[in-house]
Amino acid sequence: MNRKEPSIPFVGLHAHSVAGSIFDAIGYPPEHMDYAYDNGAAALALTDHGNMNGFSHQLLHLQKMKAEGKEFKAIYGVEAYFIPSIKEWREEYDRIKADAKEARKLNNEVSGTSIEDEKESKKAIRSLLNHRRHMVLIAQNQTGLSNIFKLISDSYKQENFYRYPRVDYEMLAKYSEGVIASSACLGGIYAGDYWANRDDGREAVLNAMRATTENMMRIFGDRWYGELQWNSVPEQHELNKYIIQMKDEYDLTLISTADSHYPSPTAWKDRELYKRLGWLGKGSSRPEWMSDDLPVDVEEIGDEL
């Protein structure tokens, strides 16, 4: 196909592939990269959940694109799982583990990938044990890439892992050089402040977001970005307004992302079916968030595959 000229310059800085976001995204990195290039984008970031398993796919396909004379930039990153203090989280974990009855509920399986539960992450998380918030980390240079590798490696250590790998303020401060960070989605860091405080009113939300902003800017400086997204969820647009206020108060730079989970718009049905099949494999007909009124006909999708 002939490469399209974009009507506006845009680089996707938040995207998921099947290589690292299992049962949440479809399409291998080359498919995402080719679609971006064919539609006029000069670069694309891949930010899978808690890992960089798609890194080698990106690197090898970038070499192929360059050999074909295609000018493109692969941006390397991750959507990490963040909590403020692993020390406090670990104390709660050890308390539960010491209780024989509660300990039986723990799932200590450690894997190189984690299956993201969108519904669980995009709401107030009451349990400290299950607490985590998304944040996007992108390598600015080779030092940043090495630091993201170190963060991911440390997040999977036993003392930082329960169902999901985790990073905290201390780890981010240690490995922040060369790393660009943003606040992610409705499951993200600013969103966590919103979900936890919205019942107490606007000022409570803003105070929580102010504390987060000051902590992140202390670590990343002007490499901390507020992330705006655009979808049909009303809470997303409420959150966007709060993030814009952080921009006004702290001179925060904002980015707008698609948070894509499939390589092209026509692939959304395939992704929906893939999610459903993934949760069937986990021993459940579907998770809580898969309501009966999803605009998807699974039999129809099956006929198309």
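Here the structure is shown first, and the text comes after it.
Residues numbered from 1 in each chain as written. Predicted model: local features only at pLDDT ≥ 70, side-chain atom pairs only at ≥ 80, totals over all residues. Heavy atoms only, no water.

**A word on the overall build of the protein**
Logical step 1: Of regular secondary structure, the protein possesses 12 helices and 8 strands.
Logical step 2: Put simply, the protein has 305 residues, and 51% of those count as buried.
Logical step 3: Here the contacts in the protein between residues at least 6 apart in sequence split such that 78% fall between residues at least 24 apart.
Logical step 4: Carbon and sulfur atoms make up 49% of the accessible area of the protein, which totals about 15100 Å². (Helix = DSSP H or I, 4+ residues; strand = E, 2+ residues; numbered from the N terminus. Buried < 20%, exposed > 50% of the residue type's maximum accessible area, 1.4 Å probe, protein only. Contact = heavy atoms within 4.5 Å. Areas by Shrake-Rupley, 256 points an atom, 1.4 Å probe, with all protein chains shown as cover.)

**A closer look at empty space enclosed by the protein**
Logical step 1: Following the criterion strictly, the structure yields 4 cavities of 30 Å³ or more and no others.
Logical step 2: Counted as a void, the largest cavity has a volume near 60 Å³.
Logical step 3: Considering the residues around the largest cavity, the lining is formed by Gly50, Val78, Ala80, Tyr81, Leu137, Leu151, Ile152, Ser155, Pro165, Arg166 and Val167.
Logical step 4: Elements represented by at least two residues in the lining of the largest cavity include exactly strand S2 (73–82) and helix H6 (142–155).
Logical step 5: The residue inventory of the lining of the largest cavity, partitioned by class, reads 8 nonpolar, 2 polar and 1 charged. (1 Å grid on protein atoms, 1.4 Å probe; cavity = no way out; pocket = protein on both sides within 12 Å on 5 of 7 lines; lining within 4 Å. Points joined across faces, edges and corners; volume = space filled by probe spheres on them. Nonpolar A, V, L, I, M, F, W, Y, C, P; charged D, E, K, R; others polar.)

**Details of the packing of helix H1 (residues 29–38) against helix H2 (residues 55–67)**
Logical step 1: Where H1 contacts H2, the two axes come as close as 9 Å, and the packing angle between them is 45°. When the axis of H1 is compared with that of H2, the two are oblique. For the crossing formed where H1 meets H2, the hand is right-handed. Listed contacts from H2 to Pro29, Pro30, Met33, Asp34 and Tyr37 of H1 are His57, Gln58, His61, Leu62 and Met65.
Logical step 2: Across the contact of H1 with H2, the residue classes break down as 6 nonpolar, 3 polar and 1 charged. (Axes fitted to C-alpha atoms, helices over the stretch in contact; angles between N-to-C directions. Parallel < 35°, antiparallel > 145°, perpendicular 65-115°, else oblique. Left-handed = near helix turned anticlockwise from the far one by under 90°.)

**Side note on the pairing of strand S3 (residues 133–139)**
Logical step 1: Where burial is concerned, most of S3 is hidden: 7 out of the 7 residues are buried.
Logical step 2: Burial along S3 is two-sided: Arg133, Met135, Leu137 and Ala139 facing one way and His134, Val136 and Ile138 facing the other are all buried.
Logical step 3: Pairing of S2 with S3 involves 6 bridges; the strand directions are antiparallel. The partner of Gly77 across the bridge, within S3, is Ile138.
Logical step 4: In this sheet, strand S6 (residues 179–182) lies alongside S3 in antiparallel orientation, the contact comprising 4 bridges. Counterpart to Ile138 in the pairing with S6 is Ile180. (Pairing = 2+ DSSP bridges.)

**Quick look at the environment of Leu60**
Logical step 1: Note that Leu60 resides in helix H2.
Logical step 2: For the pair Leu60 and Pro30, spaced 30 residues apart in sequence, the C-alpha to C-alpha distance is 8.9 Å.

**Re the packing of aromatic side chains**
Logical step 1: The tally for this structure, following the rule as stated, stands at 12 aromatic pairs.
Logical step 2: Ring plane angle 40° and centroid distance 5.3 Å describe the contact between Phe23 and Tyr274, whose orientation is recorded as tilted. Of this pair, Phe23 sits in the segment before H1 while Tyr274 sits in helix H11 (residues 268–280); the two residues are 251 residues apart in sequence, bridging distant segments of the chain.
Logical step 3: Phe23 gets classed as partly exposed once you look at its relative accessible area, which sits at 24%.
Logical step 4: Following the ring pairs from residue to residue traces out a cluster consisting of Phe55, Tyr76 and Phe149.
Logical step 5: Over the aromatic face of Tyr37 sits the side chain of Arg3, whose NZ or CZ is 3.9 Å from the ring centroid. (Phe/Tyr/Trp six-rings, centres within 6.5 Å; stacked < 30°, edge-to-face > 60°. Lys NZ or Arg CZ within 6 Å of the ring centre and 35° of its normal.)

**Here's the deal with the side chain of Arg90**
Logical step 1: Structurally, Arg90 can be placed in helix H3 (residues 86–98).
Logical step 2: Here Gln158 takes part through its backbone oxygen, which lies 3.0 Å from a polar atom of the side chain of Arg90.
Logical step 3: Those residues in contact with Arg90 that sit more than four places away from it in its chain are Gln158, Glu159, Asn160 and Phe161. (Polar contact = N/O pair within 3.5 Å; in protein donor to acceptor, adjacent residues only side chain to side chain.)

**Things to note about the nonpolar core**
Logical step 1: By size, the foremost hydrophobic cluster in this structure holds 57 residues, and its most contacted members are Met135, Leu137, Leu172, Met216, Phe220 and Trp224.
Logical step 2: The element that contributes the greatest number of residues to this core is helix H9 (residues 202–220), accounting for 6 residues.
Logical step 3: Ignoring sequence-local partners within four residues, the contact set of Leu172 consists of Phe82, Met135, Leu137, Leu151, Val167, Met216, Ile219 and Phe220.
Logical step 4: Membership of the second largest hydrophobic core comes to 7 residues, among which are Ala45, Ile75, Val136 and Ile138. (Core = buried A, V, L, I, M, F, W, Y, C linked by side-chain atoms within 4.5 Å.)

**Considering the layout of surface pockets**
Take a probe with the size of a water molecule and roll it over the atoms, and the empty space left behind shows itself.
Logical step 1: Here the second largest pocket defines a volume of roughly 520 Å³.
Logical step 2: Surrounding the second largest pocket, 25 residues form its lining, Phe10, Tyr35, Ala36, Leu44 and Ala258 being those nearest its centre.
Logical step 3: Of all the elements in the fold, those that place two or more residues in the lining of the second largest pocket are H1 and strand S1 (43–46).
Logical step 4: Counting residues per element, the lining of the second largest pocket draws most heavily on H1, which supplies 3 residues.
Logical step 5: Looking at side-chain class alone, the lining of the second largest pocket contains 16 nonpolar, 8 polar and 1 charged residues.

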